[in-house]
Amino acid sequence: MEKNLVLTGMMGVGKSTVGKKLAKKLKVNFVDIDQTIEIKEKSTIKIIFETKGENYFREIEKNITLEMLKKNNLVIALGGGSFVNESIRKEVKNTSISFWLNLNKDSLLKRLKNVKKRPLLNKENLEESINKICSDRKKFYNQANYKIKCDLLNIDQIVTKIIKLYENTRT
């Protein structure tokens, strides 16, 4: 493995779960950008949003993501909003093979229904906020090298599919 393998997609789609399994199978390191931010900032993303604002968070996210993308042989799970950033998208295209993990909105709604740590979802109408975020980000996610429809696949099937596609890019 040379190029990084990058996972993008909505919050709750399973980027971290899939990423950990991919890294294990490919015998490389896994980087969860959100987790890296929380460690570096010694705070949760929710608290960073509340105390310092989304702009501060996006700047930290951009810097950490670009730093990680300079390395090789990583499986990287981006934050849900990372791929919206043009400099991150550009760097991903230059250094990595990217996969958009896509899940239908009903499944996302079920997964995110009781989650309290997602600052962009703490709204009165969860379904409306998921629909808005999905439609705002879709055009960016679509720029990933591959789109994986996760609705009818289990984690192992998703991992197998990604590995096949990833390895085909190297031949």
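As a reminder, the structure under discussion sits directly above these lines.
Residues numbered from 1 in each chain as written. Predicted model: local features only at pLDDT ≥ 70, side-chain atom pairs only at ≥ 80, totals over all residues. Heavy atoms only, no water.

**Section: the packing of aromatic side chains**
Stage number 1. By the definition in use, this model includes three aromatic pairs.
Stage number 2. Between Phe49 and Phe57 the ring centres are 5.0 Å apart and the planes differ by 40°, which places this aromatic pair in the tilted class.
Stage number 3. For Phe57, a relative accessible area of 3% gives the class buried.
Stage number 4. With a centroid separation of 5.2 Å and 20° between ring planes, the pair formed by Phe99 and Tyr146 is classed as stacked. (Phe/Tyr/Trp six-rings, centres within 6.5 Å; stacked < 30°, edge-to-face > 60°. Buried < 20%, exposed > 50% of the residue type's maximum accessible area, 1.4 Å probe, protein only.)

**Focus: helix α7 (residues 155-168)**
Stage number 1. In a regular helix each residue adds 1.5 Å, so 14 residues correspond to 20 Å; α7 covers 20 Å between its end C-alpha atoms and thus fits that length.
Stage number 2. Within α7, the full set of buried residues consists of Ile158, Val159, Ile162, Ile163 and Tyr166. The buried side chains of α7 occupy one side of the element, clustering within an arc of 130° when seen end-on. The exposed residues of α7 that point more than 90 degrees off its buried face are Lys164 and Asn168.
Stage number 3. The elements touched by buried residues of α7 are β1 (4-8), α1 (15-26), β4 (96-102) and β5 (146-149). (Helix = DSSP H or I, 4+ residues; strand = E, 2+ residues; numbered from the N terminus. Expected span 1.5 Å × (residues − 1). Arc of directions from axis to C-beta. Contact = heavy atoms within 4.5 Å.)

**Considering unusual backbone geometry**
Stage number 1. With phi around 60°, Lys27 is a residue other than glycine that occupies positive phi space.
Stage number 2. Tracing the chain through its elements places Lys27 in the loop between α1 and β2 (29-32).
Stage number 3. The phi dihedral of Lys42 is positive, around 50°, even though this residue is not glycine.
Stage number 4. Following the sequence through the fold, Lys42 ends up in the loop between α2 (33-41) and α3 (45-69).

**Topic: the sheet that holds strand β3 (residues 74-77)**
Stage number 1. Ordered in space as β2-β3-β1-β4-β5, the five strands form an open sheet in which the pairing is parallel. The sheet is open, and its two borders are formed by β2 and β5, each paired with just one other strand. Averaged over all neighbouring strand pairs, the angle between strand axes comes to 20°, with direction disregarded.
Stage number 2. As paired strands, β4 and β5 are joined by four bridges and run parallel to one another. Residue Phe99 lies in a different strand from β5, and its bridge partner there is Tyr146.
Stage number 3. Across the sheet, α7 is in contact with β1, β4 and β5; its angle to β4 comes to roughly 150°. (Pairing = 2+ DSSP bridges. Axes fitted to C-alpha atoms, helices over the stretch in contact; angles between N-to-C directions.)

**Overview of the packing of α2 against α3**
Stage number 1. Following both chains from N to C, one finds α2 and α3 inclined at 115°, their axes separated by 9 Å at the closest point. On the basis of the axis angle, α2 is roughly perpendicular to α3. Crossing hand, α2 versus α3: right-handed. Counted together, Ile33, Asp34, Thr36, Ile37, Glu38, Lys40 and Glu41 of α2 and Ile45, Ile48, Lys52, Tyr56, Phe57, Ile60, Glu61, Ile64, Thr65, Glu67 and Met68 of α3 form the full contact between these two elements.
Stage number 2. Its residues assigned to classes, the contact of α2 with α3 shows nine nonpolar, two polar and seven charged. (Parallel < 35°, antiparallel > 145°, perpendicular 65-115°, else oblique. Left-handed = near helix turned anticlockwise from the far one by under 90°. Nonpolar A, V, L, I, M, F, W, Y, C, P; charged D, E, K, R; others polar.)

**Brief notes about a positive patch on the surface**
Stage number 1. A surface patch of like charges, here positive, comprises Lys105, Lys138, Lys147 and Lys149.
Stage number 2. Within the secondary structure layout, Lys138 lies in helix α6 (residues 126-141).
Stage number 3. On the basis of relative accessibility, which here comes to 45%, the residue Lys138 falls in the partly exposed class. (Patch = residues over 30% accessible without salt bridge, like charges linked within 9 Å, V, L, I, M, F, W, Y side chains within 5 Å. Areas by Shrake-Rupley, 256 points an atom, 1.4 Å probe, with all protein chains shown as cover. Salt bridge = Lys/Arg side-chain N within 4 Å of Asp/Glu carboxyl O. Lys, Arg positive; Asp, Glu negative; His and termini not counted. Charge placed at Lys NZ, Arg CZ, Asp CG, Glu CD.)

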